[in-house]
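Residue-level listing of the chains:
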Amino acid sequence: MYAQVIDTGSDRVRAIGEMPEEEKVFMARIEKGEKIEPKDWMPEGYRKTLIRQIGQHAHSEVVGQLPEGNWITRAPTLERKAILLAKVQDEAGHGLYLYSAAETLGISRDEMTELLHAGKMKYSSIFNYPTLNWADIGAVGWLVDGAAIMNQVALQRTSYGPYSRAMIRICKEESFHQRQGYDLLIKMCQGSPEQKAMAQDAMNRFWYPALMMFGPSDKDSVHSEQSMAWKIKINTNDELRQKFVDQTVPQAKYLGLTIPDENLVWNEERGAHDFTQPDWNEFFDVIAGNGPCNKDRMAARVNAWKDGAWFREGLAAYAKKLPLRKQAV
């Protein structure tokens, strides 16, 4: 769902002449657009950066089930309940694809989960905001999944093969998630004045957190250059944020919703919208664990991990016995 790029890696890009021979060959493959596979040689910084980014992405998919799962029992119709159930199930699957991709880099799913619980791995800041009414589920689908797709489509071209292939599959499903959110809001905006007001309220609360999903401004994203050189990142944070705004403005106009930004205006010279940047102090505060729902989200994940221990132990015992049974047969 949400590959919010919180950059990691080396502070500067080394010149080719500074690299050992193996790294020169590696960079030549990157430049040619070849995919790096798990058994290929790679710089340790490349491996660590991928683990952090893919792990953060996987955690975001799993934590992202919580604000939507909160509304499954309160969906207004059976059809909407079935749609939301399917969407939440998809997010669990996306987490599975991504954890599996990260495991090819030499880290286990259990290790990544322990790092998350210890606060040493992050997830997308957007999930630390509450879903207060049914229209929020539409806003999550339209704005949040829309922002996610903007980033994830580019990540289909990322240089690491398992991550790239996982993104191809994930993006096919995410496009439906975005559409269901927009369809939900169309129905509400065409409904009663109260429903339209709920939709506007959701827009007001989720607009700036959605803009934060692309990560900090490029001028504050000190490690982007290395990630771009390795083609782990394909676009800068600000490029993706601008593209998202330009795509979303006409959609909001069709819905009849007002984007909560008095400075939003089309800039004819740039061929793009001028808009107000999010409050980056708020962003870093939420990332640091001080958002409205940080503690609730983490508590839910820790409790789920503890409650599921018996099932994981059962699976491990079965996996251990299976070869012996096959040998006996």
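What counts and what doesn't
Residues numbered from 1 in each chain as written. Predicted model: local features only at pLDDT ≥ 70, side-chain atom pairs only at ≥ 80, totals over all residues. Heavy atoms only, no water. Helix = DSSP H or I, 4+ residues; strand = E, 2+ residues; numbered from the N terminus. Rg over C-alpha atoms; globule rule 2.2 N^0.38 Å. Contact = heavy atoms within 4.5 Å. Areas by Shrake-Rupley, 256 points an atom, 1.4 Å probe, with all protein chains shown as cover. Lys, Arg positive; Asp, Glu negative; His and termini not counted. Charge placed at Lys NZ, Arg CZ, Asp CG, Glu CD. pLDDT = per-residue confidence, 0-100. Phe/Tyr/Trp six-rings, centres within 6.5 Å; stacked < 30°, edge-to-face > 60°. Buried < 20%, exposed > 50% of the residue type's maximum accessible area, 1.4 Å probe, protein only. Axes fitted to C-alpha atoms, helices over the stretch in contact; angles between N-to-C directions. Parallel < 35°, antiparallel > 145°, perpendicular 65-115°, else oblique. Left-handed = near helix turned anticlockwise from the far one by under 90°. Nonpolar A, V, L, I, M, F, W, Y, C, P; charged D, E, K, R; others polar. Expected span 1.5 Å × (residues − 1). Patch = residues over 30% accessible without salt bridge, like charges linked within 9 Å, V, L, I, M, F, W, Y side chains within 5 Å. Salt bridge = Lys/Arg side-chain N within 4 Å of Asp/Glu carboxyl O. Core = buried A, V, L, I, M, F, W, Y, C linked by side-chain atoms within 4.5 Å.

Draft legend 1. Representation of the overall build of the protein chain within the structure. A tally of helices and strands in the protein chain yields 13 helices and two strands. On C-alpha atoms alone, the protein chain measures out to a radius of gyration of 21 Å, which is about the 20 Å that the 2.2 N^0.38 rule sets for 329 residues. Each of the three principal axes of the protein chain carries a C-alpha extent, and together these read 65 × 55 × 35 Å. Pairs at least 24 residues apart make up 79% of the contacts formed inside the protein chain by residues separated by at least 6 positions. With the model as given, the accessible surface of the protein chain reaches about 16,000 Å², and the carbon-plus-sulfur share is 56%. Here the protein chain contributes 41 positive and 44 negative side-chain charges, whose respective centroids are spaced 7 Å apart.

Draft legend 2. Local environment of the confidence of the model for the protein chain. Of all residues in the protein chain, 94% have pLDDT values of 70 or greater, and the mean over the chain is 91. Summarising per-element confidence for the protein chain, the mean pLDDT is lowest in helix H9 (residues 224-229) (82) and highest in helix H8 (residues 193-212) (97). Taken together, the stretch residues 5-11 has pLDDT below 50 and engages in 27 contacts with residues farther than four places along the chain or on a different chain.

Draft legend 3. Spatial organisation of the packing of aromatic side chains. Inspection of the entire model under this criterion finds ten aromatic pairs. On the numbers, 5.6 Å between centres and 55 degrees between planes, the contact of Phe214 with Phe244 is tilted. Of this pair, Phe214 sits in the loop between H8 and H9 while Phe244 is found in helix H10 (residues 237-255), placing the two residues 30 residues apart along the sequence. According to the relative accessible area criterion, Phe214 is buried, its value standing at 4%. Here the aromatic rings of Trp310 and Phe311 are separated by 5.6 Å at their centres, their planes lie at 75 degrees, and the arrangement is edge-to-face.

Draft legend 4. Local environment of the packing of helix H6 (residues 134-155) against helix H7 (residues 161-189). At their nearest, the axes of H6 and H7 sit 7 Å apart, and the two run at 150 degrees to each other. The angle between H6 and H7 falls in the class roughly antiparallel. The way H6 lies across H7 gives a crossing that is left-handed. Among the residues making up the contact of H6 with H7, the classes are represented as 16 nonpolar, ten polar and two charged.

Draft legend 5. Helix H4 (residues 78-103), seen in detail. With 26 residues, H4 should cover 38 Å at 1.5 Å per step; its first-to-last C-alpha distance of 38 Å lies within 8% of that length. Packed against the buried residues of H4 are helix H2 (44-63), helix H3 (65-69), helix H5 (109-117), H6 and H7.

Draft legend 6. Fine view of the environment of Lys39. You can see Lys39 is positioned in the loop between helix H1 (21-31) and H2. Judged by relative accessible area, which is 85%, Lys39 ranks as exposed. In this structure, the C-alpha to C-alpha distance between Lys39 and Ile170, residues 131 residues apart in sequence, is 24 Å.

Draft legend 7. Up close: a nonpolar patch on the surface. Together, Trp310, Phe311 and Leu315 make up an exposed nonpolar region whose accessible area comes to about 390 Å². Examined against the element boundaries, Phe311 turns out to sit in helix H13 (residues 309-328).

Draft legend 8. Spatial organisation of the nonpolar core. By size, the foremost hydrophobic cluster in this structure holds 46 residues, and its most contacted members are Trp134, Trp142, Leu143, Met203, Trp207, Phe244 and Leu255. Mapped onto this core, the elements with two or more residues apiece are H4, H6, H7, H8 and H10. The biggest single contributor to this core is H6, with eleven residues. In terms of nonpolar packing, the next biggest core, distinct from the first, is built from 29 residues, Met19, Ile107, Ala166 and Ile232 among them.

Draft legend 9. Quick look at unusual backbone geometry. Although it is not a glycine, Lys231 adopts a positive phi angle of roughly 60 degrees. Tracing the sequence through the fold places Lys231 in the loop between H9 and H10.

Draft legend 10. Structural detail: the pattern of salt bridges. In this structure the tally under the stated criterion is 15 salt bridges. Arg109 serves as the salt-bridge partner of Glu103, at 3.0 Å between the closest nitrogen and oxygen. Arg109 sits in the partly exposed class, given a relative accessible area of 28%. Arg270 is the salt-bridge partner of Asp274, the closest N and O atoms lying 2.9 Å from each other. Classification of Arg270 as partly exposed rests on a relative accessible area of 45%.

Draft legend 11. Up close: H2. A rise of 1.5 Å per residue sets the reference length of H2, with its 20 residues, at 28 Å; its end C-alpha atoms lie 28 Å apart and thus fit the reference within 8%. For H2, a buried count of 15 out of 20 residues is recorded, marking the element as mostly surrounded by other parts of the structure.

Draft legend 12. Summary view of the packing of H7 against H8. The interhelical angle for the contact between H7 and H8, taken along N-to-C directions, is 140 degrees, at an axis separation of 7 Å. Considering the angle they form, H7 stands oblique to H8. Contacts between H7 and H8 involve Leu185, Met188 and Cys189 from the first element and Gln195, Lys196, Met198 and Ala199 from the second. Each residue belonging to the contact of H7 with H8 can be placed in one class, and the counts come to five nonpolar, one polar and one charged.

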